[in-house]
Amino acid sequence: MLTRILRKRYNYDCEVVDPRAWTLKGVPNQPVEFDASMTDFYDLIIGLHADEATRPVAQAALTRPVVLVPCCNFWSEEKLGRDELLDAIEAYYGRHKVSFERVEFPFKGPKNIGIVSEPPGKS
């Protein structure tokens, strides 16, 4: 839905990258798994409920601006709750000198916390 809104209302050129190809009719998509090596093609990466793409989306922050709203723990083998997952991603960003800010979006949670980031040297 976000892609459709960005395209129709704001005239942004964007697409969904999802191997399941679960998109709204008429929304451009790539039915592939997202990989951080794909970032050269995009100006901004948005990972909403990114599931198994959580780590590659976070890794994309090394080269592109990223908005990541993690949902499930596909970050590590250990069991992480929402706050621990956010902490782990932020620690990764800290180790790689990625500038970031944790934000709370104005809708009911629990998956309403995201991380907005800029690659090293861009802020």
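Everything numeric in this text was worked out from a predicted model, so none of it was measured.

Peer 1: Describe the packing of aromatic side chains, and please don't skip the residues or the numbers.
Peer 2: Per the stated rule, a full pass over the model turns up five aromatic pairs. Between Tyr92 and Tyr93, the ring centres sit 6.2 Å apart and the planes meet at 50°, which makes this aromatic pair tilted. The pair formed by Tyr92 and Tyr93 is uniform in burial state, with each residue classed as buried. Aromatic pair Tyr93 and Phe100: ring centres 5.9 Å apart, planes at 45°, arrangement tilted. Taking the relative accessible area as the measure of exposure, Tyr93 reaches 0% and is therefore buried. Judged by relative accessible area, which is 36%, Phe100 ranks as partly exposed. Aromatic ring contacts, followed pair by pair, group Trp75, Tyr92, Tyr93 and Phe100 into a single cluster. Positioned above the aromatic ring of Trp75 is the side chain of Arg55, whose terminal nitrogen or guanidinium carbon lies 3.9 Å from the ring centre.

Peer 1: Describe in detail the sheet that holds strand β4 (residues 66–69), supporting the description with residues and values.
Peer 2: Taken in spatial order, the four strands of this open sheet run β3-β4-β6-β5, and their pairing is mixed. This sheet does not close on itself; its edge strands, each paired only once, are β3 (45–48) and β5 (99–104). Between one strand axis and the next, the sheet turns by 15° as a mean value, whatever way the strands run. Bridge count for β4 against strand β6 (residues 113–118) is three bridges, and the pairing is antiparallel. The residue of β6 that forms the bridge with Val67 is Val116.

Peer 1: Help me get a handle on unusual backbone geometry, residues and values and all.
Peer 2: Unlike most non-glycine residues, Asn11 shows phi in positive territory, near 60°. Mapped onto the fold, Asn11 is located in the loop between α1 (2–10) and β1 (16–17). In this structure Asn11 comes out as exposed when scored by relative accessible area, which is 69%. The phi dihedral of Lys97 falls on the positive side, at around 60°, and the residue is not glycine. Overall, the relative accessible area of 63% leaves Lys97 in the exposed class.

Peer 1: Residues and numbers for helix α3 (residues 82–95), please.
Peer 2: Its 14 residues give α3 an end-to-end C-alpha distance of 20 Å, which sits within 8% of 20 Å, the value for a rise of 1.5 Å per residue. Along α3, the positions that sit buried rather than exposed are Leu85, Leu86, Ile89, Glu90, Tyr92 and Tyr93. All buried residues of α3 lie within an arc of 150° about the axis, which places them on one face of the element. Buried residues in α3 make contact with α2 (54–60), β4, β5 and β6. At the exit of α3 stands Lys97, carrying a positive phi of roughly 60°.

Analysis parameters
- Residues numbered from 1 in each chain as written.
- Predicted model: local features only at pLDDT ≥ 70, side-chain atom pairs only at ≥ 80, totals over all residues.
- Heavy atoms only, no water.
- Phe/Tyr/Trp six-rings, centres within 6.5 Å; stacked < 30°, edge-to-face > 60°.
- Buried < 20%, exposed > 50% of the residue type's maximum accessible area, 1.4 Å probe, protein only.
- Lys NZ or Arg CZ within 6 Å of the ring centre and 35° of its normal.
- Pairing = 2+ DSSP bridges.
- Helix = DSSP H or I, 4+ residues; strand = E, 2+ residues; numbered from the N terminus.
- Axes fitted to C-alpha atoms, helices over the stretch in contact; angles between N-to-C directions.
- Expected span 1.5 Å × (residues − 1).
- Arc of directions from axis to C-beta.
- Contact = heavy atoms within 4.5 Å.

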